[in-house]
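Coordinate inspection notes
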Amino acid sequence: MQLTDYIAPLMQGAWVTVQLTLYSTVLGAMLAFASGIGKLSRNRAINAICVAYIELFRGTSLLVQLFWLYFALPLAGSAMGLDLRLPPVLAGVLALSLNIGAYGAEVVRGAITAVHQDQREAARALNFSERQTLWDIVIPQAIPEMMPPFGNLAVQNLKDTALVSLISLGDLTFRAEQIRNYTQDSTTIYSMLLVMYFGMALVLTVMMRGLERYVTRWRRARS
Amino acid sequence: MLFGFEWDLSSPAAYAASILPILLIGMWVTIQATVIGFIVALVLGLVWAVLKAAPFRIIAWPATVMTEFIRDTPLLVQLFFLYYVLPEYGIVLPAFMTGTLALGIQYSAYTSEVYRAGIEAVAKYQHEAARALNLTPARTFTHIVVPQAVPRIVPAMGNYLVSIMKDVPVLSVVTVLEMLNVAKIVGDRTFNYLVPLSMVGGLYLVMTLVASAGVRLLDGWLPKQGVPLK
């Protein structure tokens, strides 16, 4: 097996990693908004659910969550008479997005509370409803504040996708492990793997910067 | 049976009680790995921070690239790299040592930024005042900058301690018998993963809550104005 023969299977794995990152980042962002806003809710039940979710997933290890969803959930399901056996892709995306969503929730909450109180008072004086104040006044101003930490979380999420190889999902790390078992050429294969992850992280960082510029365009338009 | 403890599968509660001592042995390994990894991260991070602050670009630039590279690549892959590549060059370390080294290296990239931010946060006029008082640069650093940087650095480092703790289960892939690996082995042998894995989740919650409370306590106890070195 030659060096060039490594490329095709690694690329296959890289594509799985890209898809996993994309799905879990998008789903994680949705969870982050839902639970971050929910944590600020005055409704006791919503608040309690969001706080419990955030604390549970920030307080435990991602690998524990992944193994729990993949190995333990089917047993919990069968005890209740349900079939909760998740395919590896679903378990992987769920664990990754639940985990990153909990971290993102704190970012969303922080950015929303950082919007100046005057803005809320002005919105109230203009007779905006609470919902309008949140969606049309507070969140548009909070989103630019969220972007730099979201960029870090996206890279964090990309790195975390490597863990799904441990539940036999054919991502980049999994393919590399397969090749290594076959060729025993550890140095080359792991160096390539590190460089590929680094490259993907750089691309992701550039993309998140682009997204940041896009969501802050109103600031530049005003000045 | 594991570590000399039998499990009792008669009921979930009896099962949980019988495997608790086994998981606690795993937890002890997790705590050891966390502490050693944290110490490596603190020391290596300081080295990176000094190199990155070097006045010569030929030293500062490679250190910056290196920390970016470490920060942007997964811990799991770095661990595989150390575990499988180092022996090819004659460096054979036990799995536990390789694992804690990987944890320390990964987090050194983060801690180096904490040091940098902590030192840069000391206001510029402090340097000017020290200069006006005729203090040498070395004395300014040790007696003016460091005491004021410490209270800023400690809480951020505490957060990384908790993060390291949550990354220790990754070490299970190189056969380190930390808590998750132990629970997995128990599950493999009893065909019941639900109880051990849920217990690991619960024990993790306890550990992170205790660690965060400890960090908050330390943070509250440190004087905000600065820590006198004498």
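The present account deals with the structure reproduced in this document.

Topic: the overall build of chain B
In terms of helices and strands, chain B carries eight helices and zero strands. Starting at the N terminus and ending at the C terminus, chain B contains elements arranged as α-α-α-α-α-α-α-α. Here the C-alpha radius of gyration of chain B, 22 Å, is well above what a compact globule of 230 residues would show, namely 17 Å. By its C-alpha atoms, chain B is 75 × 45 × 25 Å across when sized along the principal axes.

Comments concerning the overall build of chain A
In terms of helices and strands, chain A carries nine helices and zero strands. Based on the C-alpha atoms only, the size of chain A along its principal axes is roughly 70 × 55 × 20 Å. Within chain A, buried positions represent 40% of all 223 residues.

Observations regarding the nonpolar core
Residues A:Leu66 and B:Leu197 are the most contacted members of the largest nonpolar core, which totals 116 residues. Setting aside residues up to four positions removed in sequence, B:Leu197 forms contacts with A:Val64, A:Phe67, A:Trp68, A:Phe71, A:Ala72, B:Ala183 and B:Gly187.

Looking at the packing of helix α1 (residues 3–39) of chain A against helix α4 (residues 88–114) of chain A
Residues and elements named next belong to chain A. Running from amino to carboxyl end, α1 crosses α4 at an angle of 45°, the nearest separation of the two axes being 6 Å. By the criterion of interaxial angle, the relationship of α1 to α4 is oblique. α1 and α4 meet at a crossing whose hand is right-handed. Of the residues belonging to the contact of α1 with α4, the class tally is 16 nonpolar, nine polar and two charged.

Some remarks on the environment of A:Met192
Residue and element names in this part refer to chain A. With respect to the helices, strands and loops of the structure, Met192 is situated in helix α8 (residues 186–215). For Met192, a count of 18 C-beta atoms within 10 Å puts it in the partly exposed group. In this structure the C-alpha to C-alpha distance between Met192 and Tyr6, which are 186 residues apart in sequence, comes to 9.4 Å. Setting aside its immediate chain neighbours within four residues, Met192 contacts Tyr6 and Leu10.

Some remarks on α4(A)
Between its first and last C-alpha, α4(A) extends 39 Å over 27 residues, near the 39 Å set by a 1.5 Å rise per residue. Along α4(A), the helix axis deviates most sharply at A:Ala102, where the bend reaches about 25°.

Focus: the interface of chain A and chain B
Where the parts come together, the accessible area they lose is often given as the size of the interface. Taken together, the contact between chain A and chain B spans 25 residues of the former and 29 residues of the latter. For the side of chain A that touches chain B, the residue count by class is 18 nonpolar, six polar and one charged.

Points about unusual backbone geometry
Residues and elements named next belong to chain B. Residue Asn134 is not a glycine yet carries a positive backbone phi of 65°. Examined against the element boundaries, Asn134 turns out to sit in the loop between α5 (124–132) and α6 (137–167). Taking the number of C-beta atoms within 10 Å as the measure of exposure, Asn134 has 7 and is therefore exposed. The backbone of Thr175 sits at a positive phi, close to 70°, despite the residue not being glycine. Examined against the element boundaries, Thr175 turns out to sit in the loop between α6 and α7 (179–190).

Calculation notes
- Residues numbered from 1 in each chain as written.
- Chains lettered and ligands numbered in written order.
- Predicted model: local features only at pLDDT ≥ 70, side-chain atom pairs only at ≥ 80, totals over all residues.
- Helix = DSSP H or I, 4+ residues; strand = E, 2+ residues; numbered from the N terminus.
- Rg over C-alpha atoms; globule rule 2.2 N^0.38 Å.
- Buried ≥ 20, exposed ≤ 12 C-beta atoms within 10 Å, placed from the backbone.
- Core = buried A, V, L, I, M, F, W, Y, C linked by C-beta atoms within 7 Å.
- Contact = placed C-beta atoms within 7 Å.
- Axes fitted to C-alpha atoms, helices over the stretch in contact; angles between N-to-C directions.
- Parallel < 35°, antiparallel > 145°, perpendicular 65-115°, else oblique.
- Left-handed = near helix turned anticlockwise from the far one by under 90°.
- Nonpolar A, V, L, I, M, F, W, Y, C, P; charged D, E, K, R; others polar.
- Expected span 1.5 Å × (residues − 1).
- Bend = angle between axes of the 7 residues up to and from the residue.

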